Amino acid sequence: MSKLFFLLVIATAILIAGCSSGSQEKPKALETSALAEKQGAEIEASAKSLPHPGEKVYKQYCQVCHQANGAGVSGVFPPLTPNKYIADKTQLIELVLHGMTGEIEVNGEKYNSLMAPHNHLTDLELANVISYVRSNFGNKLDPVTVEEVAAVRNR
Ligand code: HEC
């Protein structure tokens, strides 16, 4: 009986030792791989998060109406998600420079309001902000150059 009890104690001790050493190693390994994963994600994010030079201009001059995500405000401020006004480079430069008024339809919704001219911005600011719009909010269009803005301004 006492022999059996002794064996039981030993078996329990081995079991506990096995469990505790196992449970010490596992989280450590998990923790390291989780950290490596986190670091990798952070490096990737920081590489991607270099702000576009037009982002600052957008935040200052466009975001108040068209919103940070470019979705606009339904029925009031049209969205800057892919549509024909963003696709047509010259028309886009022109409408941002000289403003826009009259009824338009963007992605199936009608707008009839007024956007003020932005000709107080420099050619560089305009090229940057238009390029920012053309490469964000789902748009994947080529950038607009300072020369292209100047050409429309000097027409
Ligand atoms: C005070 C609000 C306001 C600001 C600021 C503003 N917009 Fe607009 N925007 C409008 C309105 C309203 C229209 C629609 C005009 C109409 O109904 O004819 C419009 C139309 C547009 C359009 C064409 C339609 C579309 O949705 O694609 C583009 C592109 C555009 N804006 C880009 C810009 C950019 C870029 C800036 C910043 C440089 C800017 N807007 C600043 C209000 C604004």
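Please refer to the structure placed before this passage.
What counts and how
- Residues numbered from 1 in each chain as written.
- Predicted model: local features only at pLDDT ≥ 70, side-chain atom pairs only at ≥ 80, totals over all residues.
- Heavy atoms only, no water.
- Buried < 20%, exposed > 50% of the residue type's maximum accessible area, 1.4 Å probe, protein only.
- Helix = DSSP H or I, 4+ residues; strand = E, 2+ residues; numbered from the N terminus.
- Contact = heavy atoms within 4.5 Å.
- Polar contact = N/O pair within 3.5 Å; in protein donor to acceptor, adjacent residues only side chain to side chain.
- Near = heavy atom within 4 Å.
- 1 Å grid on protein atoms, 1.4 Å probe; cavity = no way out; pocket = protein on both sides within 12 Å on 5 of 7 lines; lining within 4 Å.
- Sits in = over half its atoms within 2 Å of the grid points.
- Core = buried A, V, L, I, M, F, W, Y, C linked by side-chain atoms within 4.5 Å.

Student: Even after reading the chapter, I still don't get helix α5 (residues 89-98), so can you show me in this structure?
Tutor: Count 3.6 residues to each turn of an α-helix, and residues three or four apart come out pointing the same way. When α5 is considered as a whole, its buried residues turn out to be K89, L92, I93, L95, V96 and L97. Next to the buried residues of α5 lie α4 (84-87), β1 (100-106), β2 (109-115), α6 (123-134) and α7 (146-153). The N-capping residue of α5, defined by a side-chain oxygen 3.3 Å from the backbone nitrogen of T90, is D88. Phi turns positive one or two residues past the end of α5, at G99, with a value near 85°.

Student: Would you take a moment to explain unusual backbone geometry for this structure?
Tutor: Across the chain, the bulk of peptide bonds are trans and the bulk of non-glycine residues have phi less than zero. Residues other than glycine seldom take positive phi values, yet Q67 does so here, at roughly 75°. You can see Q67 is positioned in the loop between α3 (63-66) and α4. Accessibility expressed as a relative area gives 29% for Q67, which makes it partly exposed. Of note in the backbone geometry, N107 takes a positive phi value of approximately 50° without being a glycine.

Student: Sorry, what's going on with the site of the ligand here?
Tutor: Every one of the 27 residues lining the ligand counts as a neighbour, but C62, C65, H66, P79 and M115 are closest to it. One of the side-chain nitrogen or oxygen atoms of H66 is found 2.8 Å away from a nitrogen atom of the ligand. Take S113: an N or O atom from its main chain is 2.8 Å from an oxygen atom of the ligand. The pocket occupied by the ligand, as judged from atoms lying within 2 Å of grid points, is the largest pocket. For the shell around the ligand, the secondary structure elements donating two or more residues are α3, α4, α5, β1 and β2.

Student: Any chance you could explain the nonpolar core here in plain terms?
Tutor: The tendency in soluble globular proteins is for nonpolar side chains to be buried as a group. Of all hydrophobic cores here, the largest spans 25 residues; its most connected members are Y58, I93 and I130. Sorting the residues of this core by element identifies α2 (53-61), α4, α5, β1, α6 and α7 as the ones contributing at least two each. Ranked by the residues each element gives to this core, the list is headed by α6, at six residues. Beyond its immediate sequence surroundings of up to four residues, I130 is in contact with L92, I93, V96 and V144.

Student: Before we go on, may I ask you to explain the environment of G70 in this structure?
Tutor: Tracing the backbone shows G70 in the loop between α3 and α4. Judged by relative accessible area, G70 falls into the buried class, the value being 0%. Taking the C-alpha atoms as reference points, G70 and Y58, separated by 12 residues in sequence, lie 9.9 Å from one another. The contact partners of G70, leaving out residues within four places of it in the chain, are Y58, P79, L80, T81 and F137.

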